[in-house]
Amino acid sequence: MKPVMIVAGTRPEIIKLASVIESLEKLNIDYLFIWTGQHYDYELSRIFFEQFKLPEPDEVLQVGSGTHAEQTAKIMLGLEKLIKKHSPAIVTAEGDTNTVVATALTSLKCLVPFAHVEAGLRSWNMVMPEEVNRKIADTVATVHFAPTKLSLINLLFEGICPKNIYLTGNTIVDILCKYKNLVKEKGEAFLSEVGLDKNNYILVTLHRAENTDNPQRLGNILKALKYLSQQYNIIFPAHPRTKNRIMELGLAKYLQKVRIIKPLGYFEFLSLLANCKTVLTDSGGVQEEAFILKVPTVTLRYNTERPETTMYGLNKLAGADTELIVRLTLQQIGYAEKMRTLDIKNPFGDGHAGERIARILKEFSEKEIAIEEPDLRETPVVTYALLDDRTGIDSIFEPIIGFNEDGEPCIQAKDYWKLLAKVRRSYYRDE
Ligand code: UD1
Ligand code: UDP
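Conventions we followed
- Residues numbered from 1 in each chain as written.
- Chains lettered and ligands numbered in written order.
- Predicted model: local features only at pLDDT ≥ 70, side-chain atom pairs only at ≥ 80, totals over all residues.
- Heavy atoms only, no water.
- Near = heavy atom within 4 Å.
- Polar contact = N/O pair within 3.5 Å; in protein donor to acceptor, adjacent residues only side chain to side chain.
- Helix = DSSP H or I, 4+ residues; strand = E, 2+ residues; numbered from the N terminus.
- Nonpolar A, V, L, I, M, F, W, Y, C, P; charged D, E, K, R; others polar.
- Pairing = 2+ DSSP bridges.
- Axes fitted to C-alpha atoms, helices over the stretch in contact; angles between N-to-C directions.
- Contact = heavy atoms within 4.5 Å.
- Buried < 20%, exposed > 50% of the residue type's maximum accessible area, 1.4 Å probe, protein only.
- Right-handed = clockwise from strand over helix to strand, strands pointing away.

Novice: Which parts of the structure should I look at to understand the site of ligand 2?
Specialist: As a structural note, the neighbourhood of ligand 2 is formed by 18 residues, with Arg208, Leu264, Ser283, Gly285 and Glu289 the closest of them. Take His207: an N or O atom from its side chain is 3.5 Å from an oxygen atom of ligand 2. Mapped onto the shell around ligand 2, the elements with two or more residues apiece are helix 1 (11–26), helix 11 (266–274) and helix 12 (284–292). Looking at which element gives the most residues to the shell around ligand 2, the answer is helix 12, with four residues. In terms of residue class, the shell around ligand 2 is made up of ten nonpolar, five polar and three charged.

In structure tokens form, the structure reads like this:
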């Protein structure tokens, strides 16, 4: 049987794929693990392999940093060779980074099905590189692992065939559940190591290009931190990208009272998150984790592809508006106690997403699905055609089911509805 190929290259991908890899191991599924090397600092890569006790990657591409085109192209060139060398049954990647878009495209170009973990998230903001990456990945994917009902609905609205969408839950819940107790046990020791008391500080993370690459936005956010740091302890494990920009732009003056530290390992970061008064962030994963842990959040963006986190007022969007960041942070701090007592139904899943994903990948690798040119005479699909009025119907658009032996479109509306009904049934088959 051909193997499953898993590709990752950044911090959030290794965190969110850890439970998938673990399940592939447990289920004895043949797989290959490729690390693209988009992230290469110890704190953004290796530390997670060590903490989660993950196996070494089978292949490493070492693409490093660069422009979007450079990074994407380097990953594509490297991955094409690896797909040819290992001929996997299916390739999978998680999220919305350059690693993911490059993997999705290369996989399809090599005619190997691509499965997208965390499919269907949308911020509706095409200025965000992540939105472009995830939309392309979803467009070329054969299999979509939607983490929430909202992401599933987004995919349906974009015309993705329902039978290729699986509602799995988000793998972040798996990893949180697995290490929650460890973080509880060791969390306080870590807090005292860094000289902080429980519930007595604000946590900050910031790395999104729309903030770091826009001096005005970055300045506005840092001004808000300056203001808040007069009153509260602030700890800021800074992504190297952000640290570099702060230095280049001479903005460190706003952070004299803010404690800037290196990016942390997962257990240490979760300890800070679970015990803070509130978190200010532009991270996707941190918004999810904070919601699940009922930590009040102020998101330093004007949109979010995780609207589920805004339920119960747990996550407020402040963008990069200094006054709004300060006001909403003070408000969230005021509500923190009440929020921790909320009875929340977790929309991100039950902690078994990784196992579900691994089982479906296994099914696909056993079936060895090929990406082939469809023969519309034998395999009808729904397409649409601009018709003349031969049918006598007013509408100029009609569904076409297929083509007949004379190469002419067959217009069979009743079969069209039958086909739709079949699709719907297959989507609900697990419920
Ligand atoms: C990338 C993803 C982003 C994701 C984030 C997770 C894209 C387009 N962006 O952003 O969606 O949220 O990862 O953290 O894929 N750098 C280092 N050491 C490293 C890696 C990067 O110093 O190990 C510095 C380099 O100066 C580099 C910059 O950070 O130019 C940006 O790195 P890059 O991988 O391009 O994007 P991220 O900001 O990390
Ligand atoms: N994280 C971490 N150490 C840190 C900051 C974040 O382990 O110092 C984890 C965090 O718990 C979350 C993930 O990194 O699971 C989020 O990654 P990031 O913010 O880089 O990317 P995004 O989720 O925005 O794509």
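Novice: Teacher, can you tell me more about the sheet that holds strand 9 (residues 233–237) here?
Specialist: The six strands are arranged 10-9-8-11-12-13 in an open sheet whose pairing can be described as parallel. Each edge of the open sheet is held by one strand with a lone partner, namely strand 10 (258–261) and strand 13 (315–317). Taking each pair of neighbouring strands and ignoring which way they run, the sheet shows an average axis angle of 20°. Lying on the sheet, helix 9 (residues 215–229) is in contact with strand 8 (201–205), strand 9, strand 10 and strand 11 (278–281); it crosses strand 9 at an angle near 145°.

Novice: Sorry if this is basic, but what is going on with the pairing of strand 5 (residues 114–117) here?
Specialist: Consecutive residues of a regular strand have side chains that alternate between opposite faces of the sheet. Where burial is concerned, the two faces of strand 5 agree: the one with Phe114 and His116 and the one with Ala115 and Val117 are both buried. Bridging between strand 4 (residues 90–94) and strand 5 involves four bridges; their strand directions are parallel. Counterpart to Ala93 in the pairing with strand 5 is His116. Regarding topology, helix 4 (residues 98–109) serves as the crossover connection from strand 4 to the parallel strand 5, and that connection is right-handed. Relative to strand 6 (residues 143–146), strand 5 runs parallel, the two being bridged by three bridges. Bridging across to strand 6, His116 finds its partner in His144.

Novice: Is there a simple way to think about the environment of Gly265 in this case?
Specialist: Relative to the assigned elements, Gly265 resides in the loop between strand 10 and helix 11. Sequence separation of Gly265 and Arg46 is 219 residues, and the distance between their C-alpha atoms is 9.6 Å. Not counting residues within four places of it along the chain, the set of residues in contact with Gly265 comprises Ile47, Phe48 and Gln51.

Novice: Just to check I follow, could you spell out the sheet that holds strand 6 for this structure?
Specialist: Consider a sheet: its strands pair through backbone hydrogen bonds, and that pairing is either parallel or antiparallel. Here we have seven strands laid out as an open sheet, ordered 3-2-1-4-5-6-7, and parallel in their pairing. What marks the edges here is a single partner per strand, and that holds for strand 3 (59–60) and strand 7 (165–167). Here helix 6 (residues 149–157) sits on the sheet in contact with strand 6 and strand 7, set at roughly 165° to strand 7.

Novice: Explain the pairing of strand 11 here, please?
Specialist: The side-chain alternation of strand 11 yields two buried faces, one formed by Thr278 and Leu280 and the other by Val279 and Thr281. Here strand 11 runs beside strand 12 (residues 297–299); their pairing, made up of three bridges, is parallel. Considered in strand 12, the bridge of Thr281 is made with Thr299. Since strand 11 and strand 12 lie parallel, the crossover through helix 12 that links them has a hand, and here it is right-handed.

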